[in-house]
Amino acid sequence: MLDFIYYPVSFILWCWHKVFGLVFGEASAVAWILGIIFLTFTVRGIMFKPFVNQVRSMKKMQDFAPEMKKIQKKYASDRQRQAAEMQKLQKEHGVNPLGSCLPMLLQIPVFIGLNHVLRAFTMPPPGGGPKTENYFFTQHDVQSYVNAKLFGVNLGEAVYNGVGVVSGGAANVGFQWGVLPVALPLMIVASIATHLTARHSVARQNAASATPQTAIMNKLTMYIFPLGVLVFGALFPLGLLFYWLANNGWTLMQQRLVYTKIDKEEAARKAEAAEKRATLGPKPGQKPTAPKVGQKPVQQKKNQPAQTGSQKKVTKAGSAHGFAQTTPAEAAAAKAAEAATAADQPPADTNGQNGSQENGTGVPGLLKDSTRKSGRKRR
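Throughout what follows, the structure given in this document is the object of discussion. (Residues numbered from 1 in each chain as written. Predicted model: local features only at pLDDT ≥ 70, side-chain atom pairs only at ≥ 80, totals over all residues. Heavy atoms only, no water.)

**What to know about the pattern of salt bridges**
Okay, so step 1: For the coordinates displayed, the defined rule picks out two salt bridges.
Okay, so step 2: The salt bridge involving glutamate 26 is made with lysine 18; its shortest N-O contact spans 3.5 Å.
Okay, so step 3: Across the salt bridge formed by lysine 18 and aspartate 141, the nearest N and O atoms sit 3.2 Å from each other. Note that lysine 18 is positioned in helix 1 (residues 3-24) and aspartate 141 in helix 7 (residues 139-147), a separation of 123 residues in sequence.
Okay, so step 4: Under the relative-accessibility criterion, lysine 18 is labelled partly exposed at 23%.
Okay, so step 5: By relative accessible area, aspartate 141 is classed as buried at 2%.
Okay, so step 6: Through salt bridges with shared partners, one network takes in Lys18, Glu26 and Asp141. (Salt bridge = Lys/Arg side-chain N within 4 Å of Asp/Glu carboxyl O. Helix = DSSP H or I, 4+ residues; strand = E, 2+ residues; numbered from the N terminus. Buried < 20%, exposed > 50% of the residue type's maximum accessible area, 1.4 Å probe, protein only.)

The structure is reproduced here in structure tokens:
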């Protein structure tokens, strides 16, 4: 019925057993154990990308968890509207709720398939007689697995074979106390590994997004599930316990690598955003330059050359005498230019021409304007 699961699982196990059988011997328990472990690594390697997507999806959901709480509170009486708003919010943030469940869903068929394949090595055929095949494994491979023992215990044996769903119709039904000394340490280590994996995952959760349901699930994954592995591990064959150990070891290592990478990416994003804000804002210690009171911005006309020296004069409109409106710096520059010009020219007539100097104004252009006005009055 589930041959579409059994054949791929048995094929991967067959490949790895052949590889390690060349080193340790095909009938060696080490070759079979390493084959089971690397079967686990192969499956988890295939699911690495979905796992990364799962972590990113969970991180995004934690980031907009306050918005989800607002929606739940706002539409507490309208479940249909609440679900619609939740889906809209998840779509806006690019989050797929099923993405966080995909790695777990993909591991279930592998677990079921490996359990059945390992049990099938010791299951007698329906018509009786010796077992001649086990999916991809030939009769020689079946005998190799049966003869491979770890401390005198076959890898397909379990502490208790009485549950048909797990045992798959094993020949020896009931308690197998000879398996307990080998299986019990594996069950304890598998339980501890399950607890550490769940603990590491719970530590990554955002406290702001915690809900009563989340707290209950965290307790289940951290304490109840490891306890279940310890108790129900008696139903699993030794080979399946090695699969469980390898799976939890891979998960713990993968979590550390992926979480570290995501933390570095987030830190780099924050540093980039801070650097961008620093470049746009004023430098440390720099005072903002504000325009003076009453100062008007000066706009230079296009295609007009900039004026230099004494030419930088702006005549104030409406002035009776046409006084040049200059800044102190421009007045000093104009004085220097006038002095240089006077030094090169012969002395001018002193009659009435130094009146502006005697007046004490010292403003260039005043002499010319006053002379013109006095001339008009005489006429």
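**Observations regarding unusual backbone geometry**
Okay, so step 1: The phi torsion at tyrosine 135 lies on the positive side, around 60°, for a residue other than glycine.
Okay, so step 2: In this fold, tyrosine 135 is placed in the loop between strand 1 (133-134) and strand 2 (137-138).
Okay, so step 3: Residue tyrosine 135 is classed as partly exposed on the basis of its relative accessible area of 22%.
Okay, so step 4: One non-glycine residue, phenylalanine 151, lies in positive phi territory at about 55°.
Okay, so step 5: Considering the arrangement of structural elements, one finds phenylalanine 151 in the loop between strand 3 (149-150) and strand 4 (153-154).
Okay, so step 6: For phenylalanine 151, a relative accessible area of 74% gives the class exposed.

**Some details on the environment of serine 144**
Okay, so step 1: By the element assignment, serine 144 lies in helix 7.
Okay, so step 2: Judged by relative accessible area, which is 5%, serine 144 ranks as buried.
Okay, so step 3: Each C-alpha atom of the pair serine 144 and glutamate 26 lies 6.3 Å from the other, and the pair is 118 residues apart in sequence.
Okay, so step 4: One polar contact links serine 144 to tryptophan 32, side chain to side chain, over a distance of 3.4 Å. (Polar contact = N/O pair within 3.5 Å; in protein donor to acceptor, adjacent residues only side chain to side chain.)

**A short note on the nonpolar core**
Okay, so step 1: Among the nonpolar cores identified, the biggest contains 40 residues, and Leu13, Trp32, Leu114, Phe121 and Leu238 are the most heavily contacted of them.
Okay, so step 2: Looking at this core, the elements that each hand over two or more residues are helix 1, helix 2 (29-46), helix 6 (102-120), helix 7, helix 9 (180-203) and helix 11 (238-280).
Okay, so step 3: No other element matches helix 2, which puts seven residues into this core.
Okay, so step 4: Setting aside chain neighbours within four positions, we find leucine 238 in contact with Val153, Asn154, Leu155, Glu157, Val179, Val182, Ala183 and Leu186.
Okay, so step 5: Residues Val52, Val258, Tyr259 and Ile262 belong to the second largest nonpolar core, which totals six residues. (Core = buried A, V, L, I, M, F, W, Y, C linked by side-chain atoms within 4.5 Å. Contact = heavy atoms within 4.5 Å.)

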